Structures are given as structure tokens and as C-alpha cells.
Amino acid sequence: MTDRKKRTRLTYTDQEALNYHSGGRPGKLEVVATKPMTTQRDLSLAYSPGVAVPVRAIHENPATAYDYTARSNLVGVISNGTAILGLGNLGALASKPVMEGKAVLFKRFADIDAFDLEVDTEDVDAFINSVRYLGPTFGGINLEDIKAPECFVIEERLKELMDIPVFHDDQHGTAIIAAAGIINALHLTGRDISEAKLVVNGAGAAGIASIELVKALGFRNENVILCDTKGVIYKGRTEGMNQWKSAHAVETPARTLADAVQGADIFFGLSAKGALTPEMVAGMAENPIIFAMANPDPEITPEEVSRVRDDAIMATGRSDYPNQINNVLGFPYIFRGALDARATTINIEMKIAAVHALAQLAREDVPDEVAAAYEGARPRFGRDYIIPAPFDPRLIHVVPPAVAQAAADTGVARRPIDNIEVYKTELSARRDPVVSVLNTVFERVRRFPKRVVFAEGEEEAVIRAALSYVHQGLGTAILVGREERIRETAAQAGVDIDARPGIEIHNAARSQYNALYTQFLYERLQRKGFLLRDCQRLINQDRNHFGAAMVTHGHADALVTGVTRNYHSALNDVLQVIDARPGHRILGVSIAITRGRTVLVADTAITQLPTAEDLADIATEAAGVARRLGYEPRVALLAFANFGQPRGERATHVQEAVRILDERRARFEYDGELSAEVALKPGALAAYPFCRLKGPANVLVMPALHSASISTQMLEELGASTVVGPLIVGLNKPVQIVPLGARDTDIVNIAALAAYNIGG
Ligand SMILES: NC(=O)C1=CN([C@@H]2O[C@H](COP(=O)(O)OP(=O)(O)OC[C@H]3O[C@@H](n4cnc5c(N)ncnc54)[C@H](OP(=O)(O)O)[C@@H]3O)[C@@H](O)[C@H]2O)C=CC1
Ligand SMILES: CC(=O)C(=O)O
Ligand SMILES: [Mg+2]
């Protein structure tokens, strides 16, 4: 097995899945206003009487609804719950978590707003009628998890009745991704599409649409066998048939799936868990291509396949195996392109454009920033990488332009895109940045799991964070604390830590290393006013000292603390045990993440009034953090002035820092002094043609601690950015401190950053 296959399987308990959905505000969605609504004037504009103006404008010219309402970016995710994933007909209400999930994916991957609508009827006409009148609300309709054959009638009728894109995701989303994967898998195995023999198991929404699309791409009718629960759909079969199945019936002696896959080149599973057996796989042709796409459990697992043969190209619908063939790669981007072109429909040309864009993307060289999204291991087009992963940041600027262009070329775009290059840049700015930044870190740690000490092990939030750390495959979590207290708190919180390999409890007072750590600490502190018994007490009773000693002795890889102590107390504890890395200085770097932009700010934790020399060091360390996060650093040393105007003492310091960096021949882009406005605003540097920054800065070195701290806290509190940190940089061992009272998710994120050794 390759490294990618061997990597830790992501796991979670049923309870965690329920907690995820019920925690905080139940469900996964909320509505956020995009306009201010604070003053009487706002109210008059947003609602009566001001709202009457756009009402009249839309009445006079309906196209202006795209300008005055959210319609242009709004999709309805609509289901009746008759085919929820591969779980079957569990009803409209039970489908709501999936529909909320799809809505969130629309937002996460393509910045499309979506409402979920669960329509409680299995009657085709009633369903059609409840959707057909919703056209004014939405820019597009994504039908989801509606079973076949009703879904075919529903989609067809709604397409006729509505003048916005209506797209049944389980049909076309799935078909598009599977088709892109198959194009690449055929290429890799040297097969000719017109000769390849395909068996599709599952003759429902996904199966029928996939078969139709691959035939449109070149598979020959007689080379494709379709199966359902009754076996092969052959010419003349009468049981369990419908017109959509009949269209693909072939002359064949095969009657069962086992007969059909004998000698077949390709298997598409769009049916149910376990439908394909290892024996069937053993009988397939050389280099078989197996796409087991049933969710949540595939027709056969990659492990089962690899037990019977090692020449298969394997894909599933899941994110925890390589080659995820899942419609999440499609629907966000296809709708993005369709909405932006204001397309009236999503036609076959737009679907095929998406297929080729996806297939081509997997063949392209992977740049550094993208490699980071793939666990740090640069994927190369091949058996384990036939299709981009959903987190690939290029998807957003590759697939929508292809779809929008096809819409324009086929005359269904009401507003064709003028300039595709400008459009691509706009698309890149839509990526959800927080997830992208942390994803790099998480994936890397998954590949190289680490032992992390969670110092405040008796705290409920910390126990939850430790469990989540382990469940996410990031490594081992060490809880420091009294065993009974930890168990008690865990039990009260309803979590079972014993059921979870990967959690260790270390009671400092009883640790076998207690004497070793005490002696070590004594040697460090004996000339700083500490007696042996003081050090003994610190190791016994202070979890930060104990945890830090574990890390210095290599008994753990990293430490996370801070939930119960203020930042500087926790840092002082740690500094009694761990020094700065030789040749480095300790500082705080905060990551301010906003849509389309991530900026690092330093020093947000340590040096109050840095000298010029200090500023040069801070710039260098912060540039290192930027590189570790996958960014090419572009460092602005900030002041209130731009290049000597106006003059002032702090600004002179900054100029001097730039000179020191010049002297050191620093190997990153930097310049100053600059005001925040000029450093950050695109185009503002044009007034300073001599400036060495080639574009807006992504690392800001602040002239002093107060400006660093005040500006980052304001960004966070005013909701302008998500701010992660201050992260401690420059310590000799990886330690990170969370804000006092941090929640479990924040603790896990910071633990992952510690494990990743973000501090260098
Ligand atoms: N990876 C992805 O992106 C996607 C995966 N899927 C998965 O595909 C599967 C089908 O979904 P969908 O098409 O929407 O559902 P439908 O209800 O529309 O169709 C299900 C089809 O599967 C057939 N089937 C069910 N069990 C078996 C079995 N054991 N052997 C052979 N055929 C079987 C049914 O046969 P019959 O007609 O005889 O009842 C029916 O034809 C689900 O598991 C779903 O999760 C769906 C969409 C996207
Ligand atoms: C992925 C999806 O849409 C399904 O399994 O139904
Ligand atoms: Mg679905």
C-alpha cells in the first residue's frame, strides 16, 4: 500500500456526530444580515418605506432582482428524503441534516448561500408544485436525495417549468465526478474509451445519470451493463423495470452482478454497502478500475480490494481514502459558474466542460500552496490521484469558469462573463480562508502524528479537545492531572476516555519521571532563587512545568495549555523549563484570517518596545512562520508613516530595522516603514515605485507590542477577522498557549499548530 492509503483513518463516535450537530446553536446553519440594521435610517431603508423603491424597480425590470436581492447567489437545496445518501427512504425530516450539510458545502467551497427545504411528500406532482413557484426566491435549485425513478420526472418537469438552473445533484453531480475520474483512470491504464467494458451497479438517480454521461463521452452501449437489486438489466427483462432502466438494457447472457463483472474493466458502484465482493473483484480484467461510490459505506472497501489484488485503481465516495469520487467536487463549482453567468439551465455542454476541467486539473503539476492542502505530500497524477480532492484550492477558479464559458457558448448565459481572467481572480477571493489555513496544518499532522500534552487535563473542554485530537487521527493526547478527577469530569461530560486508544493520563505527582524532571528544573533554577523543594513542588503541582518537562525530555512532542491561566502566567511557567531556540528570539505571531486574505501580525506577545535590531529579528521569525504555513512572505515593517513622511522616532527605528535586514541579506521580501493602509491596500504601493514589496503585504511587523496587540484584538472583536494566536514562536520545543477559557475546538486547533511546530 502507498503512504496515502496507509494514512490514519478518520474516526468519530456516534455521540460525537450528535454533539457536533447539537452543540451551540442546533444544526449547521444560520442567517446573517449583509446590511447594517442599527439605526432608524437603516430600518427605513431595509424595510418600509425604503424597501418600496427596489420593489418598484424589480416590478418594472425583473432582471434587477439580481441587483437588489440575494437571489443571484442563492440556491435552494431541496429534498423529500426518499433516497438519503445510501440509507434509503427515511423521509423529509430525516434528510434535513444532509440538506443543511449540502448548504454549508455550497458556502464553504463556492461562497454560495443556500437554504435547505425539506418537502414532505412522495407525490411527484405535489413535489413539483411546491418547488415550481419558488423561482423568484432562488438563482438555482439543487435537488437532492430524491429516489429514482421519480427524480427523473421531477427534474425534467421542473426544468421545463422554471427559468433557472434545476440540477439533481445525485444524478449529474455524481456523474460528472465519476466521468472525470474514469477519463483519467482509462488514460492511466492505457484503455480506449470505445473498447472499455463497464458494469454499473445501481440503476437509480446516480447510476442512470452516470451511464448516460459516460456514453455521451464515448463508451459504447454494448460495452456497458447496468445492474440493480434484481441483477443484470438485460433486453427482455420485465421485473422491476422502468423506462430509464430499459434504455440501457443490453443483450447479454449475464444475469447476476457476479456474471457481469467477470472480465469487466470497470465497476461503478452507486448502490449499497457490500454489493461488490472480493471474489467478484478477483474475476475482473487486469488493472481493474473500481469506483465504489455508495455512501456512507462503499460497495467494497479499498482494504478488501487490496487483499485480493494489487493492480486495481480504487476510488470511493469517502474523504478518508484516496480518490474521493463525491459530488461535493461538483455541485458548488457548477452552480458557481451557472449563477455567475446567470444561466437559465445547466445543460450537457456545461456538464461536460466541468468533467474535462476536473480531469485536467488532476493531471496538472501541483504548486506549493496546493501541496499543503494534500497533507503536505505533493500528489502526482497516478493511481492514487486520479481526481482532485475537495480541499484543492484550485477548484474554485478552474471549474466555474469552464462552466460559465460553456453556458455562454451554448447561449444559455443571461450575463456572459466578460473577462475570464478577472473572473478567476474574483473566484479565488471566495475561498473560505480559515479552513484552508488550518487544513494545511491538520493534514500535515495526520501524516506525521504527534504526542501532545494537554496540560490542564482535568478541564472538560480540554478532555473533549484531547479526544477530538485523537479521533481526528492527529496522534496521542496526554492529559496531565489526577486520574480520578479526569475520569469523573469525563463521565460527567458523557465521554468515555477508556474506549479510546491514544489517550494517556499522566499524574505528575506519581510519574516515574518526577525525580528526573525535578532535578532538571533544579539545575535550571537553583541560581534564580529556587530551592530543590520549590522545584519538586512545581513539578508535582504545576501542570505547565510538568508538561513542559515532558516535552524537553522527549516524552512528548508538544504542549498546549492556557485554558485556566492567563497567557503570560502560562508563558512564564513554560519559560522556566524551555529556552529560546539557539539563534532565535521568542515572540508572538497572530494569524488574522479574512475572506480572501490571511495576514500574520508580529510581535503580538513578548517585546513591548522593540529596538531596530529586535524588529529585524521579529520580521525574520514571522517570515519563517509564513513559510511554514505555505505562504511566500511579503513583510511590511509598519509605522504611522510611509518612507519618512511624516517623521517620528518610532518610524526611524523601523527604517533602521530595514537597514539591518539589508545588512543581513534577509532572504524574503520586506520593506518599510509603511503605514498599514499602504501595506495592505491593493494598488496603494504604486505611489512608491521604489518599494521592494511586489504586492500587498501578508506579514505585518508592528512597531511595538501595544499596536500589535490592540490592532489584532480590534480585528477580532469587531468581527473583521478570525484571529488565531498569539502563537509562540522561537521556543526550543513546540509549546502553544490558548486564550483563557478557550473552547474545545480552539484548543484542538492550537494543539494541531503546536504539533505542526508552527513556532519553528
Ligand atoms: N459518491 C457520490 O457522490 C454519490 C453517491 N451516491 C450513492 O449512490 C447510491 C444510490 O443513490 P441514488 O442513485 O441517489 O439512489 P436511488 O434510490 O435513486 O437508486 C438506488 C439504486 O441502487 C440499487 N440498489 C440498491 N441496493 C442495491 C444492491 N445491493 N445491489 C444492486 N443495486 C442496488 C437500486 O435498485 P432497484 O432499482 O432494484 O431498487 C436502485 O436502482 C447511494 O449509496 C448513494 O449514497 C449517490 C449520489 C452521489
Ligand atoms: C454524496 C451524495 O449526495 C449521496 O451520497 O447521496
Ligand atoms: Mg445525495
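Residues numbered from 1 in each chain as written. Chains lettered and ligands numbered in written order. Predicted model: local features only at pLDDT ≥ 70, side-chain atom pairs only at ≥ 80, totals over all residues.

Draft legend 1. Broad picture of the UniProt feature "domain: Malic enzyme N-terminal" (unreviewed entry) in the protein chain. UniProt marks residues 26-159 with the feature "domain: Malic enzyme N-terminal" (unreviewed entry), using the numbering shown here. Summarising residues 26-159: 43% helix, 12% strand, and an end-to-end C-alpha distance of 34 Å. (UniProt positions renumbered as here; feature names shortened; annotations may be inferred. Helix = DSSP H or I, 4+ residues; strand = E, 2+ residues; numbered from the N terminus.)

Draft legend 2. Examining the sheet that holds strand E14 (residues 558-561) more closely. With parallel pairing, 5 strands are arranged side by side in an open sheet as E13-E12-E11-E14-E21. The sheet terminates laterally at strand E13 (503-506) and strand E21 (735-737), the two strands that pair on one side only. Mean inter-strand twist for the sheet, computed between neighbouring axes without regard to direction, equals 20°. (Pairing = 2+ DSSP bridges. Axes fitted to C-alpha atoms, helices over the stretch in contact; angles between N-to-C directions.)

Draft legend 3. Highlighting the sheet that holds strand E18 (residues 669-674). The strand order across the open sheet built from 6 strands is E18-E17-E19-E16-E15-E20, with neighbouring strands paired in mixed fashion. Lying at the two open borders of the sheet, with one neighbouring strand each, are E18 and strand E20 (722-729). Sheet twist, expressed as the mean angle between neighbouring strand axes with direction ignored, is 20°. Relative to strand E19 (residues 699-701), strand E16 (residues 597-602) runs parallel, the two being bridged by 3 bridges. Its bridge partner lying in E19, alanine 602 is registered against valine 701. Seen against the sheet, helix H28 (residues 612-628) touches strand E15 (587-594), E16, strand E17 (634-638), E18, E19 and E20 and runs at an angle of roughly 160° to E19. Strands in contact with helix H31 (residues 705-717) are E15, E16 and E20; relative to E16, the strand with the most contacts, it is inclined by about 150°. (Contact = placed C-beta atoms within 7 Å.)

Draft legend 4. Representation of the domain arrangement of the protein chain in the model. Segmenting the protein chain into domains produces domain 1 (49-164), domain 2 (169-323), domain 3 (330-426), domain 4 (439-575) and domain 5 (587-730). One C-alpha centre belongs to domain 3, the other to domain 5, and the line joining them spans 34 Å. (Domains from an automatic or database assignment.)

Draft legend 5. Summary view of the site of ligand 2. Within the structure, ligand 2 sits among Leu85, Asp145, Asp169, Asp170, Asn295, Gly317, Asn326 and Asn327. Looking at the shell around ligand 2 residue by residue, the class counts come to 1 nonpolar, 4 polar and 3 charged. (Near = placed C-beta within 6 Å. Nonpolar A, V, L, I, M, F, W, Y, C, P; charged D, E, K, R; others polar.)

Draft legend 6. The arrangement of the packing of helix H24 (residues 514-525) against helix H26 (residues 543-552) in detail. Where H24 meets H26, the closest approach of the two axes is 10 Å, and the angle between their N-to-C directions is 95°. Regarding the angle of H24 to H26, the classification is roughly perpendicular. Across the interface between the two elements, Tyr517, Phe520 and Leu521 of H24 pack against His545, Phe546 and Ala549 of H26. (Parallel < 35°, antiparallel > 145°, perpendicular 65-115°, else oblique.)

Draft legend 7. Representation of the environment of leucine 329. Note on placement: leucine 329 falls in the loop between strand E10 (313-316) and helix H16 (331-340). The spacing of leucine 329 and aspartate 662 is 333 residues in sequence and 46 Å in space, taken between C-alpha atoms. Those residues in contact with leucine 329 that sit more than four places away from it in its chain are Ile177, Leu358, Ile387, Pro388, Pro390 and Leu395.

Draft legend 8. Up close: the site of ligand 1. Around ligand 1 sit 30 residues, and of these Gly86, Gly204, Asp228, Ala294 and Gly317 come closest. Contributing elements (two or more residues each) for the shell around ligand 1: helix H10 (169-188), helix H11 (205-217) and strand E6 (224-228). Looking at which element gives the most residues to the shell around ligand 1, the answer is H11, with 3 residues. The residue makeup of the shell around ligand 1, split by class, is 13 nonpolar, 13 polar and 4 charged.

Draft legend 9. Spotlight on the environment of alanine 264. Inspection of the secondary structure puts alanine 264 in the loop between helix H13 (257-261) and strand E8 (266-269). Taking the number of C-beta atoms within 10 Å as the measure of exposure, alanine 264 has 22 and is therefore buried. Sequence separation of alanine 264 and alanine 178 is 86 residues, and the distance between their C-alpha atoms is 17 Å. Sequence-distant contacts of alanine 264, defined by excluding residues within four places in its chain, comprise Lys197, Leu198, Val199, Met284 and Ala285. (Buried ≥ 20, exposed ≤ 12 C-beta atoms within 10 Å, placed from the backbone.)

Draft legend 10. Here's a closer look at the pairing of E10. Where burial is concerned, the two faces of E10 agree: the one with Ile313 and Ala315 and the one with Met314 and Thr316 are both buried. Here 4 bridges tie strand E9 (residues 289-292) to E10, and the two strands are oriented parallel to one another. Within the sheet, the bridge partner assigned to isoleucine 290 lies in E10 and is methionine 314. In the classification by handedness, the crossover that spans E9, the intervening helix H15 (residues 302-308) and the parallel E10 is right-handed. (Right-handed = clockwise from strand over helix to strand, strands pointing away.)

Draft legend 11. Main features of helix H32 (residues 744-755). With 12 residues, H32 should cover 16 Å at 1.5 Å per step; its first-to-last C-alpha distance of 16 Å lies within 8% of that length. Counting buried positions along H32 yields 10 of 12 residues, so the element is predominantly enclosed. Here H32 has its buried residues at Asp744, Ile747, Val748, Asn749, Ile750, Ala751, Ala752, Leu753, Ala754 and Ala755. At the exit of H32 stands asparagine 757, carrying a positive phi of roughly 60°. (Expected span 1.5 Å × (residues − 1).)

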